[in-house]
Amino acid sequence: FYSSRATGKREIWHIEADGANQRQVTSGANVIYGLAVSPSDGSLIFPSNRGGKLSLWTADTDGKNLRPISDGAEQM
């Protein structure tokens, strides 16, 4: 998994280890500062300013169930 601005906003993408089958996973995630994959359940965790607040978000590895897991501060 990696983040890219290929669509104009930073989204999460997936690519196979051999470089094949690159695909966009999220839409509207607006990822900031990278991402992590949870070792416990494989979910994606990333900071985002989606909604005007810098917060932590999570999503399934297929991009579904995109939801905040923290309520961040308002952006100045």
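Here, every reference points to the structure presented above.
Residues numbered from 1 in each chain as written. Predicted model: local features only at pLDDT ≥ 70, side-chain atom pairs only at ≥ 80, totals over all residues. Heavy atoms only, no water.

**A short note on the nonpolar core**
Consideration 1: Formed by Ile12, Val25, Ala29, Val31, Leu44, Phe46, Trp57 and Ala59, the largest nonpolar core amounts to eight residues.
Consideration 2: Among the elements of the structure, strand E5 (44-48) and strand E6 (53-59) are those that each provide at least two residues to this core.
Consideration 3: Apart from residues no more than four positions distant in its own chain, valine 25 is found in contact with Phe1, Ile12, Trp13, His14, Leu44, Asp60, Thr61, Asp62 and Gly63. (Core = buried A, V, L, I, M, F, W, Y, C linked by side-chain atoms within 4.5 Å. Buried < 20%, exposed > 50% of the residue type's maximum accessible area, 1.4 Å probe, protein only. Helix = DSSP H or I, 4+ residues; strand = E, 2+ residues; numbered from the N terminus. Contact = heavy atoms within 4.5 Å.)

**Focus on the pairing of E6**
Consideration 1: Two elements, E5 and E6, share five bridges in a ladder whose sense is antiparallel. The partner of leucine 44 across the bridge, within E6, is alanine 59.
Consideration 2: Here E5 folds back onto E6 in antiparallel fashion, the turn holding four residues, of which glycine 51 has a positive phi close to 80°.
Consideration 3: Here E6 runs beside strand E7 (residues 67-68); their pairing, made up of two bridges, is antiparallel. Residue pairing for E7: tryptophan 57 is matched across the bridge by proline 68. (Pairing = 2+ DSSP bridges.)

**Here we look at the pattern of salt bridges**
Consideration 1: Within the structure shown, the criterion is met by one salt bridge.
Consideration 2: Of the charged contacts in the structure, one is a salt bridge between lysine 53 and aspartate 71, with a shortest N-O distance of 3.0 Å. Residue lysine 53 is found in strand E6, and its partner aspartate 71 is found in the loop between E7 and strand E8 (73-74); the two are separated by 18 residues along the sequence.
Consideration 3: Residue lysine 53 is classed as partly exposed on the basis of its relative accessible area, which comes to 23%. (Salt bridge = Lys/Arg side-chain N within 4 Å of Asp/Glu carboxyl O.)

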